[in-house]
Amino acid sequence: MAKRASLTALENTKNTAPLPKLPRSQDDSPKSPLNFSSPASLFESLISPIKPNEFFSEYWEKKPLLIQRDDPVTSDFYSSLFKLSDLKRVAGKKVYYGKDVNLCKCRNGKKVVLPRHGRASYPHLLKDFGSGKATIQFHQPQRFNDDLWHIMEKLESFFGTLVGSNVYITPPDSQGLPAHYDDVEVFILQLEGEKRWKLYNPTVPLAREYAIETEDRIGTPTHEFTLKPGDFLYFPRGVIHHAKTPAGSSHSTHVTISTYQNNSWADYFQDVFPGILFDSANDNIELRRGIPRRLLMQADASSVVDHLRTILLNLASRLETNKDIRSCGMIRDFMASRLPPFVNSSMSPAMNGNETTGKPVESPPKLDSIIKLQYQDHTAITVDHVPNISDSATELMVYVYHSLKNERETHMMGVSDDSRSVAGLRFPLSHRDALTLIWESNPVCVKDLPLENDSDKVNLAVSLWAEGLLMVFLPEA
């Protein structure tokens, strides 16, 4: 049981082989204080005792939140997520400088990355950490720890965008990074030791880029505190911060969990606007008229500002009657890059927390079969154009994207867009209502799907089942 849980609303206070997970026996697993039954439950337990409604109304994108806990259950669980001693096993799995791990110091207000290359060995890491007083920055530790995988998989489902992490292990009387701000929302879990933090008012609120700030710009700290094992810290993107392990203490280990990079209204507008413009041009001749001669060659194109303003106002009016917004690029990138569903030996991947509606069967669905969506948090439906090769025209199709085939080992590891593909299926636009019904996640009989032909109903269900997206149940007698 927790002895104490204090809440502070910080306002005016001072090319390689795949990376396997680290094995851990069930007997060695500490009790978890987190509720993994759903993405919402996980987040609520992570920020407990604060409630999600209060968090999003009072803190999210507004101000930092510190939760200090005197709770051995939480501190024991946090320390199991990643420890300095784990590096011995991790380094034995072929990790490399730059790709998996960096060594850094704060020197004269600047970040200095030690020039290390090739495979990172445990003795070399300890040497730079000990005598070199360097901070070890380990990238995406969820590749190695099941609990971190589970936490971040649930957070990606909760936020609906990518979630990454880094572990920072800092020696006593040392600081790895200078004062800086990030372009992500930050959640910090203190795993080992203590770290002294200072926060400053943003110079760029809700920043879209990472930047180091000089002392003459940041002023005096607005918040000062020490994180201990089991403590939790949140601050919005743009908040300037730095931290140091106190002298005379043990080393500090914390994990930084980050999200909402490139996930602003500006990013969303860039994603949906091409579709809005494409559709509008089909029924608005003004959008199909040619631009003025030599416009692209003019040094000053301000002469068309009034015309652009008129066009944008017309587009805004169109949205009042046509609310069919298509977000495609952001969905594809999220589904292609996110973690796969969490499964381990003690749970069935077919269930994934869904309640059943009878005995599931392994055979493909038939017309009288009952079907139910599984992995709803890992799937998305959108509508987009697809080129018609026969006549160079375009038509709208329904796309079903999912992350079931994604690899945990490459999550957030800088895989290029060219080598990353999104798993999914494509259906005619006439199937959208049927897919929407299935995506409501209630059991439905195949014959009740809103399609004209029984063969289309069965083919749709079989396609989704073969992709691993459906559970099939025997019809009730």
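Rules behind the numbers
By convention here, each chain's residues receive numbers from 1 onward along its written sequence. Given that the model is predicted, a residue must reach a pLDDT of at least 70 before its local features are reported, and side-chain atom pairs must reach 80 or more before they are shown or counted; all residues, however, enter totals for whole chains, interfaces and linings. Water and hydrogen atoms were dropped before computing side-chain values, which therefore reflect all heavy atoms in the structure. UniProt positions are given in the numbering used here, feature names are shortened, and annotations may be inferred rather than shown by experiment. Labels follow the DSSP assignment, with helices taken as runs of H or I lasting at least four residues and strands as runs of E lasting at least two, numbered in each case from the N terminus. Partly exposed describes any residue whose relative accessible area lies between the buried limit of under 20% and the exposed limit of over 50%, with all areas from a 1.4 Å probe on protein chains only and scaled to the type maximum. Accessibility throughout is a Shrake-Rupley quantity obtained with a 1.4 Å probe, and a residue counts as covered only by protein chains that appear here. Stacked, edge-to-face and tilted are the three classes for Phe, Tyr and Trp ring pairs, Trp counted by its six-membered ring, which pair at centre distances within 6.5 Å; planes under 30 degrees apart are stacked, over 60 edge-to-face, the rest tilted. Being paired, for any two strands, means DSSP has found at least two bridges between them. Any two residues whose heavy atoms approach within 4.5 Å are treated as being in contact. Axis definition: a line fitted to C-alpha atoms, over the contacting stretch in the case of helices. Angles run 0 to 180 degrees between N-to-C directions. Two N or O atoms count as a polar contact when they lie within 3.5 Å, although within protein this holds only if one can serve as hydrogen donor and the other as acceptor, and sequence-adjacent residues are included solely when both atoms are side-chain atoms. The convention is simple: Lys and Arg are positive, Asp and Glu are negative, and His and the chain ends are not counted. The working definition used for a salt bridge is a side-chain nitrogen of Lys or Arg within 4 Å of a carboxyl oxygen of Asp or Glu. Take the buried Ala, Val, Leu, Ile, Met, Phe, Trp, Tyr and Cys residues and link them wherever side-chain atoms come within 4.5 Å; each set so joined is a nonpolar core. What sets the label is the angle itself: under 35 degrees gives roughly parallel, over 145 gives roughly antiparallel, 65 to 115 gives roughly perpendicular, and the rest give oblique. Three residue categories are used. Nonpolar comprises Ala, Val, Leu, Ile, Met, Phe, Trp, Tyr, Cys and Pro, charged comprises Asp, Glu, Lys and Arg, and polar comprises the others, including Gly.

If you look the chain up in an unreviewed UniProt entry, it shows as Bifunctional lysine-specific demethylase and histidyl-hydroxylase from Pelobates cultripes. In its Sequence similarities (unreviewed entry) section, the UniProt entry covering the chain states "Belongs to the ROX family. MINA53 subfamily." Check the Subcellular location (unreviewed entry) section of the UniProt entry for the chain; it says "Nucleus, Nucleolus".

A word on the overall build of the chain. Looking only at helices and strands, the chain has 13 helices and 21 strands in total. Looking at the chain residue by residue over its 477 residues, the buried ones come to 46%. Carbon and sulfur atoms provide 51% of the accessible area of the chain, an area that totals close to 24,300 Å².

This structure, assessed with the given rule, holds 27 aromatic pairs. Ring geometry for Phe187 against Phe232: centres 6.1 Å apart, planes inclined by 40°, an arrangement best described as tilted. Residue Phe187 is found in strand β8 (residues 185-192), and its partner Phe232 is found in strand β12 (residues 232-235); the two are separated by 45 residues along the sequence. For Phe187, a relative accessible area of 2% translates into the label buried. Both rings, one in Trp197 and one in Phe235, keep their centres 6.4 Å apart while their planes meet at 55°; by these two values the pair is tilted.

Relative to strand β11 (residues 223-227), strand β9 (residues 195-200) runs antiparallel, the two sharing 5 bridges. Each residue of the ladder has a partner; that of Trp197, found in β11, is Phe225. As judged from the 5 bridges shared by β9 and strand β13 (residues 240-244), these two strands associate in the antiparallel manner. By the bridge assignment for β13, Arg196 is matched with Lys244.

Turning our eyes to something else, we now look at the sheet that holds strand β21 (residues 470-473). Strands sit in the order β15-β21-β16-β20 across an open sheet of 4 strands; the sheet is antiparallel. Each having just a single partner strand, β15 (360-361) and β20 (444-445) make up the two edges of the open sheet. When strand β16 (residues 370-373) meets β20, the two strands line up antiparallel, connected through 2 bridges. Bridge pairing links Ile370 to Cys445 in β20. Running over the sheet, helix α12 (residues 432-439) touches β16, β20 and β21 and is turned about 75° from β16.

Within helix α3 (residues 72-81), 7 of the 10 residues are buried, leaving the element largely enclosed by the surrounding structure. Within α3 the residues assigned to the buried category are Thr74, Ser75, Phe77, Tyr78, Ser79, Ser80 and Leu81. Looking at the buried side of α3, the elements it contacts are α1 (39-46), β2 (65-70), α6 (146-159), β8 and β12. Its side-chain oxygen at 3.2 Å from the backbone nitrogen of Val73, Asp71 defines the N-terminal cap of α3.

Attention now goes to the side chain of Asp183. In this structure, Asp183 sits in the loop between β7 (180-181) and β8. Comment: no salt bridge for buried Asp183; closest opposite-charge side chain is Arg237, at 8.0 Å. Here Asp183 is in contact with Ala207, Arg208, Glu209, Tyr210, Arg237, Tyr260 and Gln261, once residues within four sequence places are set aside.

Here we take up the nonpolar core. Ranked by size, the top nonpolar core spans 51 residues in total, and within it Phe55, Phe138, Ile151, Leu155, Phe187, Leu189 and Phe232 carry the most contacts. With 6 residues, α6 is the largest single contributor of residues to this core. Ignoring anything within four residues of it in the chain, the contact list for Phe232 reads Leu46, Ile47, Leu65, Leu66, Ile67, Arg69, Tyr78, Phe187, Ile188 and Leu189.

Moving on, we get to α1. For α1, the tally of buried residues reaches 6 of 8 residues, placing the bulk of the element in the interior. Considered for burial, the residues of α1 that qualify are Pro39, Ser41, Leu42, Phe43, Ser45 and Leu46.

It is worth spelling out the pairing of strand β6 (residues 163-170) at this point. Buried residues dominate β6, accounting for 8 of its 8 residues. Residues of β6 alternate between two faces, with Val163, Ser165, Val167 and Ile169 on one and Gly164, Asn166, Tyr168 and Thr170 on the opposite face, all of them buried. Two strands pair when backbone bridges link them, and β6 and strand β14 (residues 252-259) are joined in this way by 8 bridges, in the antiparallel orientation. For Val167, the partnering residue across the bridge sits in β14 and is Val255.

The next thing to look at is the packing of helix α8 (residues 265-283) against helix α10 (residues 305-321). Remark: α8 packs on α10, axes separated minimally by 11 Å, with the N-to-C direction vectors making an angle of 90°. Looking at the two axes, α8 sits roughly perpendicular to α10. Across the interface between the two elements, Phe273, Ile276, Leu277, Asp279, Ser280 and Asp283 of α8 pack against Leu312, Leu315, Arg318 and Leu319 of α10. Classifying every residue of the contact of α8 with α10 by side-chain character gives 6 nonpolar, 1 polar and 3 charged.

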